Amino acid sequence: MGWLYQGLLVAALAFLASVAVGNLHDNLAARGLKLGFDFLWQEAGFEIAFHLIPYTASDNYWRVFLIGITNTLLVTVLAIVFSTILGFAVGIAQLSGNWAMSRAARIYVEIVRNLPQLLHILILYNVALRALPAPRAAISLGDAVYLSNRGILVPALTTDRPGLLALAILVGLAAALALFRSLTGYAERSGRRVNAWLPALAVLLLVPALAIGLSGAGIGVSVPQLKGFNFAGGWVLVPELSALVIAMAIYNAAFIGELVRASIESVNKGQREASAAIGFGWWQTLRFIVIPQAVRVLLPPLSNQYLNILKGSSLAVAIGYPDLVGVFTGISINQTGRAIEIVAMTMAVYLAISLLIGALINLFNHMTRIVER
Amino acid sequence: MTDAATLPAGRARPVPGSAGAPLARALSWLRQRLFASWRDGLLSLAVLAMLGAIAWAIVPWALFDATWSGASRADCTGSGACWAFVSAKASQFVYGFYPRAERWRPDIAFALLVAGLVWLMVPRIPAKVYAGFFMMIVLPVATYLLLHGGFAGLAVVPSDQWGGLLLTLILAVSGITFSLPFGVLFALGRRSRMPLLRWFCIGFIEFCRGVPFLTVLFMAIVMLPFFLPSGTKPDPLALAVVGIIFYEAAYMAEVVRGGLQALPKGQYEAAMAIGFGYWRTMFHIILPQAVRKVVPGVVNTTISLLKNTTLVMVVGLFDLLNIVSAGVSDPLWAGSQAEGYFIVGLVFWLMSFGLSCYSRAIEARFARAERT
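Fair warning: this is a prediction, and the values are worked out from it, not measured in the lab.

Cut-offs applied
Residues numbered from 1 in each chain as written. Chains lettered and ligands numbered in written order. Predicted model: local features only at pLDDT ≥ 70, side-chain atom pairs only at ≥ 80, totals over all residues. Helix = DSSP H or I, 4+ residues; strand = E, 2+ residues; numbered from the N terminus. Buried ≥ 20, exposed ≤ 12 C-beta atoms within 10 Å, placed from the backbone. Contact = placed C-beta atoms within 7 Å. pLDDT = per-residue confidence, 0-100. Domains from an automatic or database assignment. Expected span 1.5 Å × (residues − 1).

Asker: Explain the overall build of chain A to me, using residue names and the numbers behind them.
Answerer: Within chain A, the secondary structure is distributed over 11 helices and eight strands. Looking at chain A as a whole, 35% of its 373 residues are labelled buried. Here the analysis covers contacts within chain A between residues at least 6 apart in sequence; of these, 65% occur between residues at least 24 apart.

Asker: If you had to explain the confidence of the model for chain A to someone new, which residues and values would you point to?
Answerer: Caution applies to low-pLDDT parts of the model: their predicted coordinates are not meant to be read in detail. Summing up the model confidence of chain A, the mean pLDDT is 86 and the portion of residues at 70 or higher is 98%. Considering each helix and strand of chain A separately, the mean pLDDT is smallest for strand β7 (residues 230-232) of chain A, with a value of 74, and largest for helix α7 (residues 239-265) of chain A, with 93.

Asker: Any chance you could break down the domain arrangement of chain A for me, citing the residues and the numbers?
Answerer: Assigned domains within chain A: domain 1 (2-34) and domain 2 (61-155 + 223-368). Summarising the inter-unit geometry, the C-alpha centres of domain 1 of chain A and domain 2 of chain A are found 40 Å apart.

Asker: Please give an account of the environment of A344(A) that cites residues and values.
Answerer: Among the secondary structure elements, A344(A) is positioned in helix α11 (residues 339-368). Taking the C-alpha atoms as reference points, A344(A) and T329(A), separated by 15 residues in sequence, lie 9.5 Å from one another.

Asker: Describe the domain arrangement of chain B, and please don't skip the residues or the numbers.
Answerer: When its domains are assigned, chain B resolves into domain 1 (7-64) and domain 2 (83-98 + 157-371). Centre-to-centre, using C-alpha coordinates, domain 1 of chain B lies 39 Å away from domain 2 of chain B.

Asker: Explain helix α1 (residues 2-31) of chain A to me, and be specific about the residues and the numbers.
Answerer: Here α1(A) contains 30 residues, and its C-alpha end-to-end distance of 43 Å stays within 8% of the 44 Å for a straight helix at 1.5 Å per residue. Within α1(A), only zero of the 30 residues are buried, which leaves it mostly out in the open.

Asker: How would you explain the confidence of the model for chain B if you had to name every residue and give the values?
Answerer: Residues and elements named next belong to chain B. Residues with a pLDDT of 70 or more make up 94% of chain B, whose mean pLDDT is 85. The model gives residues 1-12 a pLDDT under 50, and that stretch makes 33 contacts with residues more than four places away or in other chains. Predicted complex metrics record ipTM = 0.87 and pTM = 0.86.

What follows is the structure in structure tokens.
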């Protein structure tokens, strides 16, 4: 019986596909189009307001595609960082013994998560950022970070050899991580107390500093300064990017807060009592008893939430931030008419990242599963 | 701040002295929950001051200093909200560009929806199976015929004139009523013993869960017409509805699958033992238990579907959020973003919060049923 049903399914799908391909052929012929990716090498001819890699209007659509991906990843990473910080604060605050604190966190969660993310973004962009002063009267945080209706300005690291610096930072990170792992491993094996944070931090800073010092590369910090009517120097987070990151951080922090709360509550109360009974203090209980057990519960849904942030970053198109959907699926389709190729490429990018992260989650689950005797 | 044993779940801390006089009890509660130590007290005061400041900023703006009527933004001279904007545009926010003389038709559709929801949600009204039939078959067909017209002397109102809350509800209700049954089918398919069917369902579900809803909308509206017979001009609203149903069905499928996996194998074996076939096992034994287990997940997916309907603004449909944004760009009312977004937020918040309260009520009812 089973094979009959499956045969019918395959036949139905094949029939649908053949009809769709036939229609596609007719439609393309009627519009004088043909499928193919040759359009990627055409000149795009439009400006993009914000890009991390060099771009001019005479570059081709492949470059536009790459800019879309990098802009999407930039928003995603920033939103993940800030929503994680805010979300952990909200989650822990919800469990606070202090009534005012837990109520405030609860109110935040209930208001924020019941509003559409798009509404958050539009409010931030059209109401909150518009209410900020013009650059001349910008709100200054310690004369280094400025908030104005032209966006957020932060100090930037400038160097004439960015490749070298990036490599040095990566090497430093890897070395610091390796040192940290070996020190904590030693601490666990020997039972001695070892401070692993300080040496790791030192290595993290020392490697880039040495690389810069030995190679004689120029390096400096560019602090934004008011010149006339606008700012010069520093790194400008355009208003679209700022609004998007802040709104996404606020929205997703409510969900992450709930995940953090649920994961801490999932740790059996007896575990905390036992920990207090052997004389652990508040921090030791949290660090050695609660967090290791909570993380196992937290990480799968948390990484799911990170995927939601990646997918939600596509809402950038509503306020004109040039992310992958805005600049590639939006403008490029309008200009070239290559709807099928472009939508397929866009989906392939998101799908590839999602499947990759999904595989990593599965790997993590496999590695941290409780091994019972 | 607190002792080691209670911090991460401090809410469970008992309040000593709860047997005393009301005043003493209140003082004891205050000391325990707000002023346990001087640091705790400072924290409480800071948080309460912040909440107070927010309320102090919003309440006078929204109520006391607001302007309630007027013909343009110029009439709003007070420092508060300009609700004149909302009252002037209210009918557009609800009906979109639906012709003024024909608005009794959406009114009837709203009434049918409310009747169906009451029937479905109030436990005391019997015959829920027919309510489901009403919501899934009668309501969509009746609403479409009524709104579109073109028979019995009703003027045709093409769907590009439907908008506002009406459109939001059309998208949300059709998405909600159809994504659950499709989701159940995909979940069953994913757990089926037939490999081809299983692979098809896995592929579909993982595809939908891996891409943003916005790209599915783009696919439905920009890409799908290429695969339809040439000459047909598909309705963008219909394409958007199809996109929503299938996208959310994938999420529903994963929620339902969680419930299916949580059922002990004995349930399947017992159904087999009394001679039930596949469909009877599923519909009489497995699904009623599985769906009960996943009510919170289903409602969460429903709420996210409701919020996702706002994304249709990107492909040019005028749902509630988009029509309010359009109203703000009216030169007469320029600068009314805050008021417009406040109203949209209120509507969505009430709908979402209502759904989650309903979900909690159902869970409580199932839990009671379990105990007795």
